[in-house]
Amino acid sequence: MSKIENNKKYKRDSLLDSAFTLFIQKGINKTSIQDIAAKSGVAKGTFYLYFKDKYDLRNILIAHKASQLFQSADIAMHKAGITDTIEQMLFIVDHIIDDLAQDKKLLLFISKNLSWGIFKSTLINSSNTENIDFYDIYTQLLNQDQYDFIDPEIMLFMITELVSSTCYSSILYNEPVKIEDLKPYLYDAVRNIIDRHIA
């Protein structure tokens, strides 16, 4: 990577990091582009070289953070040597839950800003080469010839919505129980969703 490319990457990463901090502290509505640029140490005009507006930045940031979660889970899954497709999916869910339990700020950010539409358009179709192509990983899991799945996108939607909605209160407030106590019930429900989609 050339010096110019390194400098561009540094500025973009700085804008992403600064925005994440400000979005957590102030919320997206109370954070201005000027705030983000100032915290990043760049001119406001530089912001527009990388992002259309703060909502574009938010969507890219969600994709970037989510990609990091999935990449970490995928690497750990391969190291663990798990070969059954259903067990692989459960391992990824478990790994992501544990990561979010360790990083509650990230959980707050994602839960406040992530909708299925954003998830699908930014994570699955991300143009950032640093982000993994989650849909490729998901497709590879489903195409291992162990099972034939019906409506895999609906299955992914159901699992994503179930996990994100139930884990939020459990991780942050121990409601209705701590996350470790909730996991057996949650994973039974995830298995039921997966079973419903096996042909």
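Parameters and conventions
Residues numbered from 1 in each chain as written. Predicted model: local features only at pLDDT ≥ 70, side-chain atom pairs only at ≥ 80, totals over all residues. Heavy atoms only, no water. Helix = DSSP H or I, 4+ residues; strand = E, 2+ residues; numbered from the N terminus. Buried < 20%, exposed > 50% of the residue type's maximum accessible area, 1.4 Å probe, protein only. Contact = heavy atoms within 4.5 Å. Core = buried A, V, L, I, M, F, W, Y, C linked by side-chain atoms within 4.5 Å. Patch = residues over 30% accessible without salt bridge, like charges linked within 9 Å, V, L, I, M, F, W, Y side chains within 5 Å. Areas by Shrake-Rupley, 256 points an atom, 1.4 Å probe, with all protein chains shown as cover. Salt bridge = Lys/Arg side-chain N within 4 Å of Asp/Glu carboxyl O. Axes fitted to C-alpha atoms, helices over the stretch in contact; angles between N-to-C directions. Parallel < 35°, antiparallel > 145°, perpendicular 65-115°, else oblique. Nonpolar A, V, L, I, M, F, W, Y, C, P; charged D, E, K, R; others polar. Expected span 1.5 Å × (residues − 1). Bend = angle between axes of the 7 residues up to and from the residue. Left-handed = near helix turned anticlockwise from the far one by under 90°.

A. Just the overall build of the protein chain, in detail. Looking only at helices and strands, the protein chain features 10 helices and zero strands. Reading the secondary structure of the protein chain in the N-to-C direction produces α-α-α-α-α-α-α-α-α-α. Put simply, the protein chain has 199 residues, and 44% of those count as buried. Contacts in the protein chain between residues at least 24 apart in sequence constitute 68% of all its contacts with a sequence separation of at least 6.

B. A look at the nonpolar core. Of all hydrophobic cores here, the largest spans 53 residues; its most connected members are Leu 57, Ile 97 and Met 155. Secondary-structure elements contributing two or more residues to this core are helix H1 (3-26), helix H2 (33-40), helix H4 (54-80), helix H5 (85-102), helix H6 (104-113), helix H8 (134-142), helix H9 (152-173) and helix H10 (179-196). Filtering out sequence-adjacent residues up to four positions away, Ile 97 remains in contact with Val 163, Cys 167, Ile 171, Ile 179, Lys 183, Leu 186 and Tyr 187.

C. Structural detail: a nonpolar patch on the surface. Side chains of Ile 154, Phe 157 and Met 158 sit close together on the surface and give an oily, nonpolar patch of about 250 Å² of accessible area. Met 158 gets classed as partly exposed once you look at its relative accessible area, which sits at 38%.

D. Examining the packing of H1 against H4 more closely. In the contact formed by H1 and H4, the axes pass within 10 Å of each other and the chain directions differ by 95 degrees. The angle between H1 and H4 places the two elements in the roughly perpendicular class. Two secondary-structure elements touch here, H1 through Arg 12, Leu 15, Leu 16, Ala 19, Phe 20 and Phe 23 and H4 through Lys 54, Leu 57, Arg 58, Ile 60, Leu 61 and Lys 65. In the contact of H1 with H4, the residues fall into eight nonpolar, no polar and four charged.

E. Structural context of H9. Its 22 residues give H9 an end-to-end C-alpha distance of 32 Å, which sits within 8% of 32 Å, the value for a rise of 1.5 Å per residue. The largest bend in H9 amounts to roughly 30 degrees and is located at Cys 167. Those residues of H9 not exposed but buried are Met 155, Leu 156, Ile 159, Thr 160, Val 163, Cys 167, Ser 170, Ile 171 and Leu 172. In the segment just after H9, Asn 174 is the residue with positive phi, at about 55 degrees.

F. Unusual backbone geometry, seen in detail. Cis peptide bonds are those with omega within 30 degrees of zero, and the linkage from Glu 175 to Pro 176 qualifies with -5 degrees. Of note, Pro 176 is situated in the loop between H9 and H10. A positive phi angle, close to 50 degrees, is found at Asp 151, a residue other than glycine. Take Asp 151: it is sitting in the loop between H8 and H9. Here the phi dihedral of Asn 174 falls at roughly 55 degrees; this positive angle occurs in a residue that is not glycine. With respect to the secondary-structure elements, Asn 174 resides in the loop between H9 and H10.

G. Quick peek at the pattern of salt bridges. All told, the structure shown has six salt bridges when counted by the stated rule. The partner of Glu 180 in a salt bridge is Lys 183, and the shortest N-O contact between them spans 3.1 Å. Taken together, the residues Glu 180 and Lys 183, both in helix H10 and three residues apart, mark about one turn of the helix. A relative accessible area of 7% means that Lys 183 is categorised as buried. Salt bridges linked by common partners bring Asp 94, Asp 98, Glu 180 and Lys 183 together as one network.

H. Fine view of the packing of H5 against H9. At a minimum axis separation of 11 Å, H5 and H9 run at an interaxial angle of 30 degrees. Classified by the angle their axes make, H5 and H9 are roughly parallel. For the pair H5 and H9, the sense of crossing is right-handed. On H9, the residues touching Met 89, Val 93, Ile 97, Leu 100 and Ala 101 of H5 are Met 155, Ile 159, Val 163, Cys 167 and Ile 171.

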